[in-house]
Amino acid sequence: MDIDTVRVTHFMPGRVRLRMEDIKGSPETADWVQSILEGVQGIQPTEVSTVTGSVLLTYDRRALLTEQAAESLGEALCTLFPDLNVARLLVWLVSLTK
């Protein structure tokens, strides 16, 4: 299973809201996404809505910059988005903290 569409609808350091159409009306997909994201060191419990397709992620920016957390985040993103260029995304995420 992978997610076809995702949009960042709001971002601020430590918090990001995503829209994932695939979780609308699908508690199984929502639970799967939530369990993957919450398995990443530095990500706090997420709020997922199957009504709106919204995922609210809060995270500790410093914790996500550890090598172990970056690897865990990369694995989670590859699971959710197999076609995503994770290496490029991780470089961008690190740049946001500087």
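Residues numbered from 1 in each chain as written. Predicted model: local features only at pLDDT ≥ 70, side-chain atom pairs only at ≥ 80, totals over all residues. Heavy atoms only, no water.

Under an unreviewed UniProt entry, the protein has the name HMA2 domain-containing protein and belongs to Thiohalorhabdus methylotrophus.

**Student:** Could you give an account of the nonpolar core, naming the residues involved and the relevant values?
**Tutor:** With 21 residues, the main nonpolar core has Met20, Val33, Val55, Leu57 and Leu80 as its most contacted residues. Residues contacting Val55, with those up to four places away along its chain left out, are Val16, Arg17, Leu18, Met20, Ile23, Leu37, Glu47 and Val48. (Core = buried A, V, L, I, M, F, W, Y, C linked by side-chain atoms within 4.5 Å. Buried < 20%, exposed > 50% of the residue type's maximum accessible area, 1.4 Å probe, protein only. Contact = heavy atoms within 4.5 Å.)

**Student:** For helix α1 (residues 27-38), give the residues involved together with the corresponding values.
**Tutor:** Over its 12 residues, α1 extends 16 Å from the first C-alpha to the last, a length consistent with the 16 Å expected when each residue adds 1.5 Å. Contacts from the buried residues of α1 go to β3 (47-49), β4 (54-58) and α3 (67-80). (Helix = DSSP H or I, 4+ residues; strand = E, 2+ residues; numbered from the N terminus. Expected span 1.5 Å × (residues − 1).)

**Student:** Describe the pattern of salt bridges, and please don't skip the residues or the numbers.
**Tutor:** Summed over all chains, the structure comprises 1 salt bridge. Note that Glu21 is salt-bridged to Lys24, the shortest N-O span being 3.5 Å. Judged by its relative accessible area of 40%, Glu21 falls in the partly exposed class. Looking at Lys24, the relative accessible area reads 40%, which means it is partly exposed. (Salt bridge = Lys/Arg side-chain N within 4 Å of Asp/Glu carboxyl O.)

**Student:** Could you give an account of the sheet that holds β3, naming the residues involved and the relevant values?
**Tutor:** Spatial strand order, β1-β2-β4-β3: 4 strands in an open sheet with antiparallel pairing. Lying at the two open borders of the sheet, with one neighbouring strand each, are β1 (7-12) and β3. The sheet shows a mean angle of 10 degrees between the axes of neighbouring strands, direction not considered. Strand direction decides the pairing type here: β1 and strand β2 (residues 15-19), joined by 5 bridges, are antiparallel. Pairing of Met12 across the sheet is with Arg15, part of β2. (Pairing = 2+ DSSP bridges. Axes fitted to C-alpha atoms, helices over the stretch in contact; angles between N-to-C directions.)

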